[in-house]
Amino acid sequence: MSSYYESEDLKKFGDIGRHAGPLAEEFFKYYGMVTGADGALTRREKALIALAISHSEKCPYCIDAYTTACLETGANPEQMMEAVHVAATMKAGITLAHAIQMNNHLDKLVL
Amino acid sequence: MTDLFSRELERRGIALPPRAVDTLQLNITRRCNQACRHCHVDASPARTEMLSAEGVAACLDVLERHPQIGTLDLTGGAPELHPQFTQLVEGARALDRRVIVRHNLTVQFDGDPATKQPMDHLPAFFAQQGVEVVSSLPYYQEYFTDAQRGSGVFSKSIEALHRLNAVGYGVPGTGRVLSLVYNPVGPYLPAPQASLEADYRKALEQQFDVQFTNLFTITNMPIHRFRLHLEKSGQYAAYMDKLLAAFNPAAAGNVMCRDLISVDHLGRLYDCDFNQQLGLHLQRDDGTPETIFDFDPARLLRRSIRLGDHCLGCSAGGGSSCGGATV
Ligand code: SF4
Ligand code: SF4
């Protein structure tokens, strides 16, 4: 049986250009500009944001890639774990914030 | 087959002839009080290799005869465990040479694993002789440091750094140089040296009241223990790909072997300590090994540096050498 999310496949990211080369080229240029250099945010800050998003979006490739990127830009494990907690609290907060919708509807339903 | 590094040099039209012999780096013993996981020397308390008394005398003689060699860099193992360590340092300082000691910090407390001789005199000895101290501290936190160097090493290292600070090492205005060495705990590249130095300074000063002069970032070389670890964990090919992808022509041009000669415990000469550990000794035209007993800088400057795949560790990213990043 074939399996999904093989770590070897991370290397094939460049292949997303198949069937749509020019679009991939534009994407990689943009991706490189955003994540590859210090800007208003440092590369380390961007790597931590990317690590948090990798978790909330549940992408194993990105988790591997940005765990390494965080270390290579000088982030430490505490900072990395805290970034994951930011993703986790955002998820929890967003879930809970929807309870307002539930309560609004409850108010409508209850006589 | 040409190695990956030479192929990359050729592709980019870079030549690496030796430039000078301004540093003599002596690996005087493979004995060490520690047995770190990444150690490219495979040093441990069980090792017995030591440079002979004749070898020590020959090294001092070479320094005396060749004033262009400004620096004596002592490494090991733990170089302090060599019986003539003191004599070597004093001899080189008497010749007014800059002396660097690669001091692993914990040896101050562990002493000599074989003779049990204590080593708590080292900070005072270093200060009295005016040597520069270079010490490995893989991270400013316990987790990574102990993972790499063994449990309890971080707190012992901090204590040893306090003792060095107490005699002025790393303290601004004293002229006593204490450089710390960072290396990644796994198959990834070091963060930029300047930013990591700022992190080390903040954490070590605020949390541990430790001062130091500067930080060197060093890339893990894919040889010996570290290579074995990479192979066992299936990461060797990916690490070599990473080093190759990060090839930096400026760093390649500054590799340390262009300016130094490394000497082993038998007095044989090498381009660097890594080549020494790989057994890539320098040879004369007749096939006999170059040695410290027959040292000729002019001949050494005509040699071809013995390059290999592992050299990609020196040219990746910001570069790597015994003095940290090279660009
Ligand atoms: S302290 Fe240095 S020489 Fe000793 S085992 Fe560790 S890395 Fe090797
Ligand atoms: S590993 Fe040694 S020989 Fe190779 S580039 Fe680095 S310093 Fe030079």
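The rules behind each value
Per chain, residues are indexed from 1 in the order of the written sequence. Chains and ligands are labelled by the order in which they are written, letters from A for the one and numbers from 1 for the other. Owing to the predicted nature of the model, reporting of local features is limited to residues with pLDDT of at least 70; listing and counting of side-chain atom pairs is limited to 80 or more, with chain, interface and lining totals taken over all residues. Based on all heavy atoms of the structure, the side-chain values leave hydrogens and waters out of the count. Only runs of H or I of at least four residues qualify as helices and only runs of E of at least two qualify as strands under DSSP, and these elements are numbered from the N terminus. As defined in this context, the radius of gyration uses C-alpha atoms, and a globule is described by 2.2 Å times the residue total to the power 0.38. A 1.4 Å probe rolled over the protein chains alone gives each residue an accessible area, and that area as a share of the maximum for its type sets the label: buried under 20%, exposed over 50%, partly exposed in between. By definition, residues are in contact when any of their heavy atoms lie within 4.5 Å. Charge convention: Lys and Arg are scored as positive, Asp and Glu as negative, and His as well as the terminal groups of each chain are ignored. Charge positions are represented by NZ for Lys, CZ for Arg, CG for Asp and CD for Glu. Residue types Ala, Val, Leu, Ile, Met, Phe, Trp, Tyr and Cys, when buried and joined through side-chain atoms within 4.5 Å, form a set referred to as a nonpolar core. Whether a residue is near a molecule or strand is decided by its heavy atoms; if any one of them lies within 4 Å of it, the residue is near. Under the grouping applied here, Gly and all other residues not named as nonpolar or charged are polar, the nonpolar ones being Ala, Val, Leu, Ile, Met, Phe, Trp, Tyr, Cys and Pro and the charged ones Asp, Glu, Lys and Arg. UniProt positions are given in the numbering used here, feature names are shortened, and annotations may be inferred rather than shown by experiment. Disulfides are defined as cysteine sulfur pairs within 2.5 Å. To pair, rings of Phe, Tyr and Trp, with the six-membered ring standing in for Trp, must have centres within 6.5 Å; the planes then decide the type, stacked if under 30 degrees apart, edge-to-face if over 60, and tilted in the middle. By definition, being over a ring means that NZ of Lys or CZ of Arg is both within 6 Å of the ring centre and within 35 degrees of the ring normal. The salt bridge criterion pairs a side-chain nitrogen of Lys or Arg with a carboxyl oxygen of Asp or Glu, the two atoms within 4 Å. In this scheme, strands are said to pair when DSSP sees at least two bridges between them. Surface patches are defined over residues having more than 30% relative accessible area and no salt bridge, joining like charges when they lie within 9 Å and nonpolar side chains (Val, Leu, Ile, Met, Phe, Trp, Tyr) when within 5 Å. Here the open area of atoms and residues is found with the Shrake-Rupley method and a 1.4 Å probe, where only the protein chains shown may cover a residue. The span one expects for a helix is its residue count, reduced by one, times 1.5 Å. Angles run from 0 to 180 degrees between N-to-C directions of axes, and those axes are lines fitted to C-alpha atoms, restricted for helices to the stretch in contact. Any angle between 65 and 115 degrees counts as roughly perpendicular, while under 35 counts as roughly parallel, over 145 as roughly antiparallel, and the rest as oblique.

> Would you mind going over the overall build of chain A with me for this structure?
When helices and strands are tallied, chain A shows five helices and zero strands. Reading the helices (α) and strands (β) of chain A from amino to carboxyl end gives α-α-α-α-α. For a compact globule of 111 residues, the expected C-alpha radius of gyration is about 13 Å, and chain A comes in at 19 Å, more than 25% above that figure. Principal-axis analysis of the C-alpha atoms places the extent of chain A at approximately 60 × 35 × 35 Å.

> Please clarify how the overall build of chain B should be interpreted in this entry.
When its secondary structure is counted, chain B shows 14 helices and eight strands. For a compact globule of 327 residues, the expected C-alpha radius of gyration is about 20 Å, and chain B comes in at 19 Å, within 12% of that figure. Projected onto its principal axes, the C-alpha coordinates of chain B cover approximately 50 × 45 × 40 Å. Counting only residues that meet the buried cut, chain B has 57% of its 327 residues in that class. Considering only intrachain contacts with a sequence separation of at least 6, the fraction spanning at least 24 residues in chain B is 72%. Here chain B holds 31 positive side-chain charges and 36 negative ones, and the gap between their average locations is 3 Å.

> Explain the nonpolar core here, please?
Inside soluble globular proteins, nonpolar side chains tend to come together where they are buried. Residue and element names in this part refer to chain B. Formed by 78 residues in total, the largest nonpolar core has its most connected members in Leu24, Phe126, Tyr200 and Phe295. Tyr200 has contacts with Leu137, Pro138, Tyr139, Tyr140, Leu180, Tyr182, Glu205, Phe212 and Leu215, leaving out every residue within four places of it along the chain. Membership of the second largest hydrophobic core comes to 27 residues, among which are Phe5, Ile223, Cys314 and Ala316.

> Can you walk me through the site of ligand 2 in this structure?
The environment of ligand 2 is formed by Met221(B), Val255(B), Met256(B), Cys257(B), Cys272(B), Phe274(B), Asn275(B), Ile305(B), His310(B), Cys311(B) and Cys314(B). In the shell around ligand 2, the residues fall into nine nonpolar, two polar and no charged.

> I would appreciate a short explanation of the UniProt feature "domain: Carboxymuconolactone decarboxylase-like" (unreviewed entry) in chain A in the present structure.
Feature annotation in UniProt places "domain: Carboxymuconolactone decarboxylase-like" (unreviewed entry) on residues 24–101 of chain A, given in this structure's numbering. The span residues 24–101 of chain A is 81% helical and 0% strand by assignment, and the distance between its end C-alpha atoms comes to 39 Å.

> Mind showing me how you'd approach the state of the cysteines here?
One way to say it: the disulfide is the covalent bond shared by the sulfur atoms of two cysteines. Within the structure shown, the criterion is met by zero disulfides over all chains. Left unpaired, Cys70(A) is separated from the closest cysteine sulfur, that of Cys62(A), by 12 Å.

> When you look at the packing of aromatic side chains in this model, what are you seeing that I'm missing?
Geometry of an aromatic ring pair is reported as the spacing of the ring centres plus the angle between the planes. All names here are of chain B. Tallied over the entire structure, the rule returns 19 aromatic pairs over all chains. One aromatic cluster in this structure is built from Tyr139, Tyr140, Tyr143, Phe144, Tyr182, Tyr200 and Phe212. We note Arg201 situated over the ring of Phe212; from NZ or CZ to the ring centre the distance is 4.3 Å.

> I keep staring at the interface of chain A and chain B and nothing clicks. Help me out?
When the parts of a complex come together, some accessible area is lost, and that lost area is often taken as the interface size. Listed per partner, the contact involves 12 residues of chain A and 15 residues of chain B. Where chain A packs against chain B, one counts two salt bridges. Put simply, Asp199(B) and Arg44(A) hold a salt bridge, and the shortest N to O gap is 2.5 Å. When contributions to the side of chain A that touches chain B are tallied by element, the ones reaching two or more residues are helix 2 (43–56), helix 3 (60–72) and helix 4 (77–97) of chain A. Among the residues making up the side of chain A that touches chain B, the classes are represented as three nonpolar, four polar and five charged.

> Looking at this structure, I do not really get the sheet that holds strand 4 (residues 132–136) of chain B. What am I missing?
The strands making up a sheet associate through backbone hydrogen bonding, with each pair oriented either parallel or antiparallel. Residues and elements named next belong to chain B. Spatial ordering of the open sheet is given by 6-5-4-3-2-1-7-8, a layout of eight strands whose pairing is mixed. Looking along the sheet, the strands with just one partner apiece sit at the ends: strand 6 (214–217) and strand 8 (269–270). Across four bridges, strand 5 (residues 178–182) lies against strand 6 in parallel orientation. Pairing of Tyr182 across the sheet is with Thr217, part of strand 6.

> I tried to follow a nonpolar patch on the surface on my own but got confused; where do I start?
All names here are of chain A. Nonpolar side chains collect at one region of the surface, where Phe13, Ile16 and Phe27 lie side by side and expose about 250 Å² of accessible area between them. Along the polypeptide, Phe13 turns up in the segment before helix 1 (21–35). According to the relative accessible area criterion, Phe13 is partly exposed, its value standing at 36%.

> I keep staring at the pattern of salt bridges and nothing clicks. Help me out?
Pairs can form between side chains of opposite charge once their charged atoms are near each other. Tallied over the full model, the rule gives 22 salt bridges over all chains. Among the salt bridges present, the one from Glu72(A) reaches Lys242(B), with a minimum N-O distance of 2.9 Å. Of the two residues, Glu72(A) is situated in helix 3 and Lys242(B) in helix 10 (residues 236–245); the pairing between them involves two chains. The salt bridge involving Asp259(B) is made with Arg19(B); its shortest N-O contact spans 2.9 Å. Of this pair, Asp259(B) sits in the loop between helix 11 (249–253) and strand 7 (260–263) while Arg19(B) sits in the loop between helix 1 (4–12) and strand 1 (23–29), placing them 240 residues apart in sequence. On the accessibility criterion, Asp259(B) (16% relative accessible area) is buried.

> What is the right way to look at the site of ligand 1 in this model?
What surrounds ligand 1 is the set Cys32(B), Gln34(B), Ala35(B), Cys36(B), His38(B), Cys39(B), Ala43(B), Gly77(B), Asn104(B) and Arg149(B). Residues that form the shell around ligand 1 fall into these classes: five nonpolar, four polar and one charged.

> Is there a simple way to explain helix 7 (residues 153–166) of chain B in this structure?
Residue pairs spaced three or four apart in an α-helix point in one direction, given the helix's 3.6 residues per turn. Residues and elements named next belong to chain B. A rise of 1.5 Å per residue sets the reference length of helix 7, with its 14 residues, at 20 Å; its end C-alpha atoms lie 20 Å apart and thus fit the reference within 8%. Structurally, helix 7 contributes buried residues whose contacts are with helix 4 (107–110), helix 5 (122–129), strand 4, helix 6 (142–149), strand 5 and helix 8 (193–208). Gly168 lies just past helix 7 and shows a positive phi near 105 degrees.

> Just checking my understanding: could you explain the packing of helix 4 of chain A against helix 5 (residues 99–109) of chain A for this structure?
Describing two packed helices takes the angle between their axes plus the distance from one axis to the other. Residue and element names in this part refer to chain A. In the contact formed by helix 4 and helix 5, the axes pass within 4 Å of each other and the chain directions differ by 10 degrees. As summarised for this structure, helix 4 and helix 5 are arranged roughly parallel, according to the angle between their axes. Between helix 4 and helix 5, the residues in contact are Thr95, Leu96 and Ala97 and Ala99, Ile100 and Gln101, respectively.

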